[in-house]
Amino acid sequence: MKNNIYLPYVMTIDRIIEEAPGVRTFRLKFKDKEEENAFSFRAGQFAEYSAFGEGECTFCIASSPTRKEYIECTFRKAGRVTSGLERLEEGATMGFRGPFGNFFPIEEWKGKNLLFVAGGIALPPMRCVIWNILDRRDEFGDITIVYGAKSENDLVYKQELKEWGERSDVRLVTTVDPGGETPSWKGEVGFVPSILEKTAPSSANSIAVVCGPPVMIKFSFPVLEKLGFADDCIYTTLENRMKCGVGKCGRCNIGKYYVCKDGPVFTKKQLNDLPSEY
Amino acid sequence: MKRYIIEKSKVNEWLKQIIKSTERVLAPVKDGEKVYFRPITSPQETDYDSVTTTESAKETVFPRTETLFRFKTEGKDTTLSEVSAESYPQTVLWRARPCDAVGFLPLDAIFNWDYKDNIYNLRRAKLTIVSFSCNTSDSCCFCTSVGGGPGNTEGTDILVTLLNDERALAEVVTEKGEKLISLCPTLFKAVESDEDKSSALAKISSRFTSEQVQEHLKNAFDSSIWKQQSARCIGCGACAFVCPTCACFDIQDDKCGRDGKRIRCWDSCGFSLFTKHTSGYNPRPEQSMRWRQRLLHKFSYMPDRIKVLGCTGCGRCSRACPVDMNIAEHLYSIANYNHEK
């Protein structure tokens, strides 16, 4: 059949990285060289990943489009499909269908300061943008990253956090929820919105990208407003439940907008006009 | 549009030819108190008495489970294979109703508005619809309130109207329809003049217009009407399963040993799990929100996004509802209700 939109690419799991308890990163490579060469995506787009026999689930692509030789995804084992993925070993085959949805307009951000605010397992979608920006570092202004998780152990990409923290051209602030720290913890202690307020990044010529659990987003928006970020300078990526990823299955809509087609990237200004169904 | 006259007594002869020359003919078949579109092998199996079938005709192009592809696992390796296009049968849908025929238009729009769903399109291309005008209706019918009618030709390939004398009028809308006429050229006599079929049609009065409903829905998201209307909804999803235009689906894997298939199956926005996140968070936690989604999707989002109404007025949802929610009554009250507050 020509162009079966449900047929995934067949990928090999090249590498598995344990990020945090229950959280893994898979590095995937195309089995078919022609498919790999024809493939491209933009930072912020998502895909459907499958463990054959268990089903498909939706994550943003966690690697940067500037790293062309592989695709990475990071997921927490939480349901049937992610448990199925977790059972796969290096060298195993899995499915990848995408890229879908819109993307962060990073070409419009050239010359601007960038603030990234992320919580827990929501760093992966943002990591794609961060590496995309860092691989083109001189095109952008100051970069600030505020990232928090429940506990020190729950922070993902620990090696990369270390790397970003050591860079002089990145300001990285990491935090853990009260009680989540160990005696040797050198970062902040507190919830992301309050640490964001304490960090007080300037809103002048700046773009903020916020990604995290709904409650973190809810309390981070007023802080950004207080800091002077206009609603059309605040971006987030929504993760409504999806099946098809291509605007057919009917479950990710917020009012008349489909997260899979019109999103997943929205500005706060756009969200203001949407019904509260996300 | 070409028009032909055929003697009513010859219609079965024509159907016999169609059965002979088509892989699959689906027609209304009685099963106890219910009527379903089922494959027939002789014209006599067809039920001509029912107002509509219990379930809609969407299953001809959107089966309740559809194989999207198959997979085979060997060690760490998995290979995929597709369903061959030949396995979708050439189908004639016989004695559909005008509300069945027009229901294929929203499905066409959903499966093609952006990405093209070629599994759907292959099935659709192999379908020819012969609808019959309604000479009878019941209290759940409301096609005339949503732009349809008992003699509507929209979406069909041929519309047959059993006239009040010994004749039937066949209005041929498409090439596919013309092909079925050409199976029995001697049975049909082309007519030039407009044969008036209106006296042979059921009288279904219009109680509201879809434009009225759409206008009122613009500010209705936070209306209290959704709670009132859905208070007794049990979220069973029967309305969605019998609906000719409901096309929401789930995708699941079905595996046995090393072989398996990825399937899509019917789903419904009325189910509480439909939008529930893995975390347990649900953007539509209450039944009233899910009922609101159902009506807004059909009467507001679909017209807005894909320029087609998601309702044909067939009334199946009202007939199927185990707690007697009547959608026409709900739409009537929406069209006559002030939602500003």
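Calculation notes
Residues numbered from 1 in each chain as written. Chains lettered and ligands numbered in written order. Predicted model: local features only at pLDDT ≥ 70, side-chain atom pairs only at ≥ 80, totals over all residues. Helix = DSSP H or I, 4+ residues; strand = E, 2+ residues; numbered from the N terminus. Rg over C-alpha atoms; globule rule 2.2 N^0.38 Å. Buried ≥ 20, exposed ≤ 12 C-beta atoms within 10 Å, placed from the backbone. Contact = placed C-beta atoms within 7 Å. Core = buried A, V, L, I, M, F, W, Y, C linked by C-beta atoms within 7 Å. Domains from an automatic or database assignment. Nonpolar A, V, L, I, M, F, W, Y, C, P; charged D, E, K, R; others polar. Arc of directions from axis to C-beta. pLDDT = per-residue confidence, 0-100. Axes fitted to C-alpha atoms, helices over the stretch in contact; angles between N-to-C directions. Parallel < 35°, antiparallel > 145°, perpendicular 65-115°, else oblique. Left-handed = near helix turned anticlockwise from the far one by under 90°. Pairing = 2+ DSSP bridges. Right-handed = clockwise from strand over helix to strand, strands pointing away.

**Section: the overall build of chain A**
- Secondary structure assignment for chain A yields eight helices and 15 strands.
- Taking 19 Å as the expected radius of gyration for a compact globule of 278 residues, we find that chain A reaches 18 Å, a close match to that expectation.
- The dimensions of chain A, computed from C-alpha atoms along their principal axes, are 55 × 45 × 35 Å.
- By residue count, 50% of the 278 residues in chain A fall in the buried class.
- Sequence separation of 24 or more characterises 70% of the internal contacts of chain A that already satisfy a separation of 6 or more.

**Focus: the nonpolar core**
- The biggest cluster of nonpolar side chains holds 164 residues, and the ones touching the most others in it are Met126, Ala208 and Val209 of chain A together with Leu93 of chain B.
- The dominant element in this core, judged by the number of residues it contributes, is helix α3 (residues 123–134) of chain A, at seven residues.
- Shared between two domains, this core takes at least three residues from each, and those domains are domain 1 (9–100) and domain 2 (106–237) of chain A.
- Excluding residues that lie within four positions of it along the chain, valine 209 of chain A makes contacts with Phe104, Phe116, Met126, Val129 and Tyr235 of chain A.

**Considerations on the interface of chain B and chain A**
- Contact with chain B, which involves 43 residues of that partner, is made by 35 residues of chain A.
- Here the side of chain B that touches chain A gets six residues from one element, more than from any other, and that element is strand β11 (residues 249–256) of chain B.
- Grouping the amino acids of the side of chain B that touches chain A by side-chain chemistry returns 20 nonpolar, nine polar and 14 charged.

**Considerations on helix α1 (residues 11–21) of chain B**
All names here are of chain B.
- For α1, the full list of buried residues reads Val11, Trp14 and Leu15. The arc that holds every buried residue of α1, seen down its axis, measures 100 degrees, which confines them to one face.
- Turning to α1, the residues buried within the fold contact β1 (2–7), β6 (91–96) and β9 (167–172).

**Looking at the domain arrangement of chain A**
Residues and elements named next belong to chain A.
- Under the domain assignment, chain A is made up of domain 1 (9–100) and domain 2 (106–237).
- Put simply, the middle of domain 1 and the middle of domain 2, counted by C-alpha atoms, are 24 Å apart.
- Contact residues are listed per partner, giving 16 residues for domain 1 and 16 residues for domain 2.
- Elements that contribute at least two residues to the side of domain 1 that touches domain 2 include exactly β1 (9–20), β4 (55–60) and β5 (71–76).
- Taken together, the residues that form the side of domain 1 that touches domain 2 break down as nine nonpolar, five polar and two charged.

**A word on the confidence of the model for chain B**
- Mean pLDDT over chain B: 95, with 99% of residues reaching 70 or higher.
- As scored by the predictor, the complex reaches a pTM of 0.94 and an ipTM of 0.92.

**Some thoughts on the packing of helix α5 (residues 192–199) of chain A against helix α6 (residues 214–227) of chain A**
All names here are of chain A.
- At a minimum axis separation of 8 Å, α5 and α6 run at an interaxial angle of 20 degrees. As the angle between them shows, α5 and α6 are arranged roughly parallel. Considering the relative orientation of α5 and α6, their crossing is right-handed. From α5, Val192, Pro193, Leu196 and Glu197 reach across to α6, where they touch Met216, Phe219, Ser220 and Val223.
- A breakdown of the residues in the contact of α5 with α6 according to their chemical character gives six nonpolar, one polar and one charged.

**Here's the deal with the sheet that holds β9 of chain B**
Residues and elements named next belong to chain B.
- Strand order across the open sheet formed by eight strands is β3-β2-β6-β7-β8-β9-β1-β10, with mixed pairing between neighbours. Only two strands of the sheet have a single neighbouring strand rather than two, namely β3 (34–39) and β10 (189–190).
- Here strand β2 (residues 24–31) pairs with β6 via three bridges, running parallel. Looking at the pairing, valine 25 lines up with valine 92 of β6.

**Re the pairing of strand β12 (residues 234–237) of chain A**
Residue and element names in this part refer to chain A.
- Burial along β12 is two-sided: Ile234 and Thr236 facing one way and Tyr235 and Thr237 facing the other are all buried.
- Examined bridge by bridge, strand β11 (residues 206–211) and β12 share three bridges and lie parallel to one another. Bridge pairing in β12 places alanine 208 opposite isoleucine 234.
- Handedness of the β11-α6-β12 crossover: right-handed.
- Note that β12 and strand β15 (residues 265–267) share three bridges and pair antiparallel. What sits directly across from threonine 237, in β15, is valine 265.

**Here we look at helix α11 (residues 327–335) of chain B**
Residue and element names in this part refer to chain B.
- Residues of α11 that are buried include every one of Ile327, Ala328, Leu331, Ile334 and Ala335, and no others. The arc that holds the buried residues of α11, viewed along the axis, is 120 degrees, so those residues lie on one side.
- On the buried face of α11, the contacting elements are α6 (210–217), α7 (225–230) and α10 (316–320).

**Overview of the sheet that holds strand β5 (residues 77–81) of chain B**
Residues and elements named next belong to chain B.
- A sheet is described by the order of its strands in space; here four strands give the open sequence β5-β4-β12-β11, paired in antiparallel fashion. The open sheet is flanked by β5 and β11, the only strands paired with a single partner. Sheet twist, expressed as the mean angle between neighbouring strand axes with direction ignored, is 25 degrees.
- In the sheet, strand β4 (residues 65–74) pairs with strand β12 (residues 259–266) via seven bridges, with the strands oriented antiparallel. Looking at β12, one finds that threonine 67 is bridged to isoleucine 263.

**Regarding the pairing of strand β3 (residues 46–51) of chain A**
All names here are of chain A.
- Counting buried positions along β3 gives six out of six residues, so the element sits mostly inside the fold.
- Side chains Phe46, Glu48 and Ser50 project from β3 onto one buried face, and the interleaved Ala47, Tyr49 and Ala51 project onto a second face that is buried too.
- Where β3 lies against β4, six bridges are found, and the strand directions are antiparallel. If you follow serine 50 over to β4, its bridge partner there is glutamate 56.
- Remark: three residues form the turn of the hairpin made by β3 and β4, two consecutive strands paired antiparallel; glycine 53 in that turn has positive phi of roughly 105 degrees.
- Pairing analysis gives four bridges linking β3 to strand β6 (residues 93–100), with the strands arranged antiparallel. Looking at the pairing, serine 50 lines up with glycine 95 of β6.

**A short note on the packing of α6 of chain B against helix α9 (residues 287–306) of chain B**
Residue and element names in this part refer to chain B.
- The geometry of α6 relative to α9 is characterised by a closest axis approach of 10 Å and an angle of 85 degrees between their N-to-C directions. With respect to each other, α6 and α9 are oriented roughly perpendicular. Packed against α6, whose contacting residues are Ser210, Val213, Gln214 and Leu217, the element α9 presents Leu296, Phe299, Ser300 and Pro303 at the interface.
- A per-class count over the contact of α6 with α9 returns five nonpolar, three polar and no charged.

**Considerations on unusual backbone geometry**
- The linkage connecting glycine 98 of chain A with the following residue, proline 99 of chain A, adopts the cis geometry, with an omega of 0 degrees.
- Position of proline 99 of chain A relative to the elements: it lies in strand β6.

**Some words on the environment of isoleucine 119 of chain B**
- As for its placement among the helices and strands, isoleucine 119 of chain B is situated in helix α4 (residues 118–125).
- The exposure class assigned to isoleucine 119 of chain B is buried, which follows from the 24 C-beta atoms found within 10 Å.
- Along the backbone, isoleucine 119 of chain B and serine 84 of chain B are 35 residues apart, and their C-alpha atoms lie at a distance of 10.0 Å.
- Dropping the residues within four chain positions of it, isoleucine 119 of chain B is found in contact with Asn4 of chain A together with Glu66 and Leu68 of chain B.

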